[in-house]
Amino acid sequence: MTQEQHFEVLIVGAGISGIGAGITLRRMGITDFAILEKGDSVGGTWRDNDYPGCACDVPSGLYSFSFAPNPEWTRLFAGQDEIRGYIDRTAAEHGVDAHVRFGTELIRADWDEPAHRWVLQTSTGTLTASSVVAAVGPWNEPLVPPIPGLDTFGGKVFHSSRWDHDYDLAGKRVAVVGTGASAVQFVPAIAPTVGELHLYQRTAQWVLPKPDHHVPKAERWVMRRVPGAHRALRAIEYSIMEALGLGFRHPWILRIVQQIGKAQLRAQVRDPELRKALTPDYTLGCKRMLLSNTYYPALTRPNVEVHANAVASVRGNTVVGADGAEREVDAIIFGTGFHILDMPIGGKIFDGEGRSLDEHWKGSPQAYLGTTIAGFPNAYVLLGPALGTGHTSAFMILEAQLGYLAKAIAAAKDGNWTRMETRQQVQAAFNAEVQQALATTVYNAGGCQSYFLDVNGRNSFNWPWSTARMKTRLGEFDERAYEMETR
């Protein structure tokens, strides 16, 4: 790329958010857009996370776009390969793949106030755009804790989202750090193969049974051939998840549901000491809710040892726990999640005065309706702050946002606005409303420390109401929330 190129819209990221945004624009008749993707294929999270056992923890019928149903899911909770294939097909079928610029990483985006446009420095050159959509999502950059001495480790080290498939784990002594959603899936997958598995658990997790099953060909035939069958299945799954979501707003309900988790723990872990170590001391839903039928049995294997504490340090090939216990290992695998609220994109997008998103947020991300940000005109963020839920599909959130994105861009085109910025007082009022409502939810009142809380102790992640309310709020575009200008 030797010269600057201008687009009506530039989208950063070709995961489900970026692909969804591209489809939305094409449906509006907008084809003057590009999707910047630093990788070599679409898929985002589902491209990067290909560890053993990787699968969705939301029913497949909900984990897809409503306008692009997939009747071919082979499991109730689809695996990584099927989900990635779905994203690939959907992008191609809707003509979005032709808009993706692979191997193009965003370095910096600046708002050019005099010209009312965005200037993006990328790894392949400079681009400009009237509007920018940040579609990188919160599950993008792996988080590896700063463990003293880790750089001295002589064995293999990798994060679950950067799984090294060339490294043979057979017979190896492996330390797994972290017990979140990824670890709950890959630990049962590798436990039968490794020589020793040392699981370092800083906090016990609630793990509920996963009602997964193979979808028979007959059922897939019905989904494919019978009109309305897929919509009916999606509606049933949505209703079940929303019923569960009621408990997140009324924690006493989840304290009843967590008895199911306790029953599974009692049935699958007979050793009273191990069972005690695996029993959480907070309300279900305070952290991300986990589903597995195989996690607890894996921890009872004779080659698996659970260390109910964090890793204090690494000395050569020895991992030292916070309790002082030392274990020599050949490999360390981190299942420690992602930079959820300190997303790297925050240091790459700058306002007209050269201040980054990070400088605006000061550790507590905020947006209006989780989508537009005061100080950053003509910019949108997908799966943004205050929209996360503990009970439903990211696709449900995303589709509500994409509807809002379409209305906002259409309003700007109809009004010939070249600059549209969220009013600061509107954003502040919305976030104050969110924080007040969050106070009594399980996210804030469940008695735990989770990634929902940012470095300032503020819950910058969660939506405190139902997804029906989310659809209603994002279903209306109110011009009064914005300041508009025309050039």
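Structure: see above.
Residues numbered from 1 in each chain as written. Predicted model: local features only at pLDDT ≥ 70, side-chain atom pairs only at ≥ 80, totals over all residues. Heavy atoms only, no water.

(A) Fine view of the pairing of strand E2 (residues 33–37). The element E2 is extensively covered by neighbouring structure, given that five of its five residues are classed as buried. Side chains of E2 alternate between two faces, with Phe33, Ile35 and Glu37 and Ala34 and Leu36 buried alike. Relative to E2, strand E1 (residues 5–12) runs parallel, the two being bridged by four bridges. Bridge assignment links Val9 to a residue of E2, and that residue is Phe33. A crossover connection joins E1 to the parallel E2 through helix H1 (residues 16–27); in handedness this β-α-β unit is right-handed. Here three bridges tie E2 to strand E3 (residues 100–102), and the two strands are oriented parallel to one another. (Buried < 20%, exposed > 50% of the residue type's maximum accessible area, 1.4 Å probe, protein only. Helix = DSSP H or I, 4+ residues; strand = E, 2+ residues; numbered from the N terminus. Pairing = 2+ DSSP bridges. Right-handed = clockwise from strand over helix to strand, strands pointing away.)

(B) Quick look at the state of the cysteines. Within the structure shown, the criterion is met by one disulfide. In this model Cys286 forms its disulfide with Cys448; the gap between the sulfur atoms is 2.0 Å. Handedness here is read from the sign of the S-S torsion; for Cys286 and Cys448, about -100 degrees, the answer is left-handed. Of this pair, Cys286 sits in the loop between helix H8 (272–277) and strand E11 (290–291) while Cys448 sits in the loop between helix H13 (442–445) and helix H14 (467–474), placing them 162 residues apart in sequence. Here Cys54 is not cross-linked by a disulfide; its sulfur's nearest cysteine counterpart is in Cys56, at 9.0 Å. Judged by relative accessible area, Cys54 falls into the buried class, the value being 9%. Given the relative accessible area of 3%, Cys56 is considered buried. (Disulfide = S-S within 2.5 Å.)

(C) Structural context of empty space enclosed by the protein. Using the criterion set out here, one finds four cavities of 30 Å³ or more in the structure. Of the pockets and cavities examined, the largest cavity occupies roughly 110 Å³. In terms of lining, the largest cavity is formed by Val132, Ala134, Met343, Ile345, Ile349, Leu357, Trp361, Ile373, Phe376, Ala379, Tyr380 and Val381. Elements that contribute at least two residues to the lining of the largest cavity include exactly strand E6 (125–134), helix H10 (357–361) and strand E18 (379–381). Ranked by the residues each element gives to the lining of the largest cavity, the list is headed by E18, at three residues. Of the residues assigned to the lining of the largest cavity, the class counts are twelve nonpolar, no polar and no charged. (1 Å grid on protein atoms, 1.4 Å probe; cavity = no way out; pocket = protein on both sides within 12 Å on 5 of 7 lines; lining within 4 Å. Points joined across faces, edges and corners; volume = space filled by probe spheres on them. Nonpolar A, V, L, I, M, F, W, Y, C, P; charged D, E, K, R; others polar.)

(D) Broad picture of the pattern of salt bridges. Tallied over the full model, the rule gives 23 salt bridges. In this structure, Glu328 and Arg173 form a salt bridge, with 3.9 Å as the shortest nitrogen-oxygen distance. Of this pair, Glu328 sits in strand E15 (residues 326–328) while Arg173 sits in strand E8 (residues 173–177), placing them 155 residues apart in sequence. We classify Glu328 as partly exposed; its relative accessible area is 46%. Since its relative accessible area comes to 25%, Arg173 is described here as partly exposed. In this structure, Arg473 engages Glu433 in a salt bridge whose closest nitrogen and oxygen atoms are separated by 3.4 Å. (Salt bridge = Lys/Arg side-chain N within 4 Å of Asp/Glu carboxyl O.)

(E) Inspection of helix H4 (residues 181–190) at higher detail. With nine of its ten residues buried, H4 lies for the most part within the structure. At its buried positions, H4 is contacted by E8, strand E9 (196–200), E11, helix H9 (295–299) and strand E16 (331–334). (Contact = heavy atoms within 4.5 Å.)

(F) Region of the structure containing the sheet that holds E8. Ordered by their spatial adjacency, five strands build an open sheet running E7-E16-E8-E9-E12, and the pairing between neighbours is parallel. Edge strands, defined here as strands with exactly one partner in the open sheet, are strand E7 (156–159) and strand E12 (304–307). When the angles between neighbouring strand axes are averaged without regard to direction, this sheet yields 15 degrees. With four bridges joining them, E9 and E12 adopt parallel strand pairing. Within E12, the residue paired with Leu199 across the bridge is Val306. The sheet contacts of H4 involve E8, E9 and E16, and relative to E8 the element is tilted by about 170 degrees. (Axes fitted to C-alpha atoms, helices over the stretch in contact; angles between N-to-C directions.)

(G) Representation of the environment of Pro251 within the structure. Here Pro251 shows up in helix H7 (residues 251–268). Judged by its relative accessible area of 11%, Pro251 falls in the buried class. If we ignore the near neighbours within four places in the chain, the residues touching Pro251 are Thr283, Thr440, Thr441 and Val442.

(H) Broad picture of the side chain of Ser41. Here Ser41 shows up in the loop between E2 and helix H2 (45–48). One polar contact links Ser41 to Arg84, side chain to side chain, over a distance of 2.7 Å. When sequence neighbours within four positions are dropped, the list of residues in contact with Ser41 reads Arg47, Arg84 and Phe102. (Polar contact = N/O pair within 3.5 Å; in protein donor to acceptor, adjacent residues only side chain to side chain.)

(I) Representation of unusual backbone geometry. The phi torsion at His116 lies on the positive side, around 55 degrees, for a residue other than glycine. Relative to the helices and strands, His116 is located in the loop between strand E4 (106–112) and strand E5 (117–122). Judged by relative accessible area, which is 4%, His116 ranks as buried. Of note, the phi angle at Lys362 is positive, near 50 degrees, even though the residue is not glycine. Following the sequence through the fold, Lys362 ends up in the loop between H10 and E18.

(J) Quick look at the nonpolar core. Ranked by internal contacts, the top residues of the largest apolar core, which has 115 residues, are Ile11, Val176, Phe186, Val187, Ile190 and Leu197. If you tally residues by element for this core, the top one is helix H11 (residues 394–414), at 13 residues. The next biggest cluster of nonpolar side chains, apart from the first, holds 24 residues, and it includes Leu36, Leu106, Leu120 and Trp361. (Core = buried A, V, L, I, M, F, W, Y, C linked by side-chain atoms within 4.5 Å.)

(K) Structural view of the pairing of strand E14 (residues 318–321). Of the two faces of E14, both are covered, the one formed by Thr318 and Val320 as well as the one formed by Val319 and Gly321. Where strand E13 (residues 311–315) meets E14, four bridges bridge the pair, whose relative direction is antiparallel. In the sheet register, Val314 faces E14, and the bridge partner there is Val319. The turn joining E13 and E14, which pair antiparallel and follow one another in sequence, is formed by two residues; a positive phi near 65 degrees is taken by Gly316.

From the geometry alone we can't say anything about function, so treat these as descriptive.
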